[in-house]
Amino acid sequence: MRASTTTTSDLARSLQKVGEELTSESPASLRVAVEGTSRELHPILQDEVYGIAREAIRNAVRHAQAKAIEIDITYADSLRVRIRDDGKGIDP
């Protein structure tokens, strides 16, 4: 059986917390916005979404040297998590 790696069942709060940790030593600002009514997610789904989002935030800070990171979480018929940054991107 797999144990949840997040400390709370609130996805927005978990992403806010990890985002603050990852941006604490960088100039990047972080914004988390939630649309719709937050709901409990299956623990495995929450862990997967959290892990993917954490890696995206880490990459924005470490590799893209982003100054602004935005996390939009939408609860509708399905869950949508969008992470955007103003980083330098990848050389072609």
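Everything discussed here concerns the structure shown above.
Residues numbered from 1 in each chain as written. Predicted model: local features only at pLDDT ≥ 70, side-chain atom pairs only at ≥ 80, totals over all residues. Heavy atoms only, no water.

Participant: What is the right way to read the nonpolar core from this model?
Facilitator: Across soluble globular proteins, nonpolar side chains have a tendency to be buried as a group. Leu11, Leu15, Ile69 and Ile73 are the most contacted members of the largest nonpolar core, which has 17 residues in total. Mapped onto this core, the elements with two or more residues apiece are α1 (11–23), α2 (43–62) and β2 (68–75). The element best represented in this core is α2, accounting for 6 residues. For isoleucine 73, the contacting residues outside a window of four places in its chain are Leu11, Ala12, Leu15, Val32, Ala33, Val34, Glu35, Leu79, Arg80 and Val81. (Core = buried A, V, L, I, M, F, W, Y, C linked by side-chain atoms within 4.5 Å. Buried < 20%, exposed > 50% of the residue type's maximum accessible area, 1.4 Å probe, protein only. Helix = DSSP H or I, 4+ residues; strand = E, 2+ residues; numbered from the N terminus. Contact = heavy atoms within 4.5 Å.)

Participant: How should I be thinking about the side chain of aspartate 72 in this particular structure?
Facilitator: Along the polypeptide, aspartate 72 turns up in strand β2. Ignoring sequence-local partners within four residues, the contact set of aspartate 72 consists of Arg31, Ala33, Arg80, Val81, Arg82 and Arg84.

Participant: Help me understand α2, please; the structure alone is not making it clear to me.
Facilitator: Each α-helix winds once per 3.6 residues, and so residues spaced three or four apart point in a common direction. Between its first and last C-alpha, α2 extends 28 Å over 20 residues, near the 28 Å set by a 1.5 Å rise per residue. Within the sequence span of α2, burial applies to Gln46, Asp47, Val49, Tyr50, Ala53, Ile57, Arg58, Ala60 and Val61. Buried residues along α2 cover an arc of 165° about the axis, so they all sit on one side. For α2, the exposed residues set more than 90 degrees away from the buried face come down to Ile52 and Arg62. Those residues of α2 hidden inside the fold are in contact with α1, β2 and β3 (79–85). (Expected span 1.5 Å × (residues − 1). Arc of directions from axis to C-beta.)

Participant: I tried to follow the pattern of salt bridges on my own but got confused; where do I start?
Facilitator: Side chains that differ in sign of charge can pair as their charged atoms come close. In the structure shown here, the tally under the stated rule is 6 salt bridges. One salt bridge connects aspartate 10 with arginine 13, and the closest N-O pair in it is separated by 3.5 Å. You can call aspartate 10 partly exposed: its relative accessible area is 22%. Notably, a salt bridge pairs glutamate 55 with arginine 58, separated by 2.9 Å at the nearest N-O pair. Separated by 3 residues within a single helix, glutamate 55 and arginine 58 lie in helix α2, roughly one turn from each other. Classification of glutamate 55 by relative accessible area gives partly exposed; the value is 35%. One network of salt bridges, with partners in common, ties together Arg31, Glu70, Asp72 and Arg84. (Salt bridge = Lys/Arg side-chain N within 4 Å of Asp/Glu carboxyl O.)

Participant: What should I look at first to understand the sheet that holds β2 in this one?
Facilitator: Across a sheet, strands are paired by hydrogen bonds formed along the backbone, either parallel or antiparallel in direction. The strand order β1-β2-β3 describes an open sheet built from 3 strands, whose pairing is mixed. The open sheet is flanked by β1 (29–35) and β3, the only strands paired with a single partner. On average, each strand axis in the sheet is inclined to that of its neighbour by 10°, with strand direction left out of account. Where β1 lies against β2, 7 bridges are found, and the strand directions are parallel. (Pairing = 2+ DSSP bridges. Axes fitted to C-alpha atoms, helices over the stretch in contact; angles between N-to-C directions.)

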